[in-house]
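Summary of structural features
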Amino acid sequence: FAAMAAEVDFVFDFEASATEVKAGDVVDVALNVTGAEGAETVGWQFELVLPEGLEYVDNSAVMNAETKAKINAGEFSFENSTKVMVCVEANGEALKDTVGKNEIMTFQLKVADDAAAGSEITFELLDFLVMDDQAGELDMDKVELNIDTLKVVVDPDFTFDFTASKTNVVAGEEVEFT
């Protein structure tokens, strides 16, 4: 982000490694946070809600070690069963160094094997909250949230074979294809 709106303290981006996917694909998703100059938080939490057509790849969530050290993030969890992510600063001090894009974590989602071509699927966040520097809930008008949408495309390796009932035809003659 070259510039953030003055009234926004944090931007959370969920960026997919691919936005055009085929049925059965596994997509890497990165959670990035960008903080405005002087913006402070002691952490955030959310629950990942997956629609039909997307599955969480068990044990795929990993916190970025460099960012974890930089912001001194102590508690970090992403439970396979509930898909709740919690990131809290280790000693309760505010996270102050979030200016610029910081990759927080990555996880993987699998597109269902029977996902229909042309469908658009994405996930939602439930109970998304960012805590201010006193561990209270930050005004969510000061938080921008962006989530990539995945579009399922036709598998280019999938081909159709047609057999014509006749190969030599004249104009107006009917031909059946199977």
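The structure contained in this document is the topic of the report that follows.

A closer look at the overall build of the protein
A tally of helices and strands in the protein yields one helix and 13 strands. Going from the N terminus to the C terminus, the protein shows its helices and strands as β-β-β-β-β-β-α-β-β-β-β-β-β-β. Across the 178 residues that make up the protein, the buried fraction comes to 35%. Considering only contacts in the protein between residues 6 or more positions apart, those separated by 24 or more positions represent 73%. Of the roughly 10200 Å² of accessible surface on the protein, a fraction of 47% belongs to carbon and sulfur atoms.

A look at the nonpolar core
Judged by nonpolar contacts, the single largest core of 34 residues is most densely connected at Phe12, Leu31 and Phe107. When contributions to this core are tallied by element, the ones reaching two or more residues are strand S1 (10-16), strand S3 (26-35), strand S4 (43-49), strand S5 (54-56), strand S9 (100-111), strand S11 (124-131) and strand S13 (150-152). Those residues in contact with phenylalanine 12 that lie beyond four places of it in its chain are Leu31, Asn32, Val33, Trp44, Phe128, Val130, Val143, Glu144, Leu145 and Asn146.

Observations concerning the sheet that holds strand S10 (residues 120-121)
Strand order in the open sheet made by the three strands is S2-S13-S10, with mixed pairing throughout. The sheet is open, and its two borders are formed by strand S2 (20-21) and S10, each paired with just one other strand. The pairing of S10 with S13 spans two bridges and is classified as antiparallel. Residue pairing in the sheet places isoleucine 121 in a bridge with leucine 150 of S13.

Notes on the pattern of salt bridges
Under the definition given, this model contains two salt bridges. When the shortest N-O distance is used, the salt bridge between glutamate 15 and lysine 101 registers 3.2 Å. Linking glutamate 15 in strand S1 with lysine 101 in strand S9, this pair joins segments that are 86 residues apart in sequence. A residue is classified by how much of its surface remains accessible, and glutamate 15, at 30% relative accessible area, is partly exposed. When the shortest N-O distance is used, the salt bridge between lysine 110 and aspartate 113 registers 2.8 Å. Lysine 110 sits in the partly exposed class, given a relative accessible area of 22%. Taking the relative accessible area as the measure of exposure, aspartate 113 reaches 61% and is therefore exposed.

Section: the side chain of serine 60
Residue placement: serine 60 occurs in the loop between S5 and strand S6 (62-63). Setting aside chain neighbours within four positions, we find serine 60 in contact with Thr106, Phe107 and Gln108.

Some thoughts on the packing of aromatic side chains
On inspection of all chains with the given rule, the structure shows eight aromatic pairs. Between phenylalanine 10 and phenylalanine 12, the aromatic rings sit 6.5 Å apart at their centres with planes inclined by 45°, giving tilted as the arrangement. On the basis of relative accessible area, phenylalanine 12 is assigned to the buried category, the value being 1%. Consider the rings of phenylalanine 46 and phenylalanine 128, whose centres lie 6.1 Å apart with planes at 40°: the pair is tilted. Here the residue phenylalanine 46 occupies a position in strand S4, and phenylalanine 128 occupies one in strand S11, the gap between them amounting to 82 residues. Each member of the pair, phenylalanine 46 as well as phenylalanine 128, is classed as buried. Taken together, the ring pairs connect Phe10, Phe12, Phe14, Trp44, Phe46, Tyr56, Phe107, Phe123 and Phe128 into an aromatic cluster.

About the thresholds
Residues numbered from 1 in each chain as written. Predicted model: local features only at pLDDT ≥ 70, side-chain atom pairs only at ≥ 80, totals over all residues. Heavy atoms only, no water. Helix = DSSP H or I, 4+ residues; strand = E, 2+ residues; numbered from the N terminus. Buried < 20%, exposed > 50% of the residue type's maximum accessible area, 1.4 Å probe, protein only. Contact = heavy atoms within 4.5 Å. Areas by Shrake-Rupley, 256 points an atom, 1.4 Å probe, with all protein chains shown as cover. Core = buried A, V, L, I, M, F, W, Y, C linked by side-chain atoms within 4.5 Å. Pairing = 2+ DSSP bridges. Salt bridge = Lys/Arg side-chain N within 4 Å of Asp/Glu carboxyl O. Phe/Tyr/Trp six-rings, centres within 6.5 Å; stacked < 30°, edge-to-face > 60°.

Everything listed here is a matter of geometry and, on its own, says nothing about what the molecule does.
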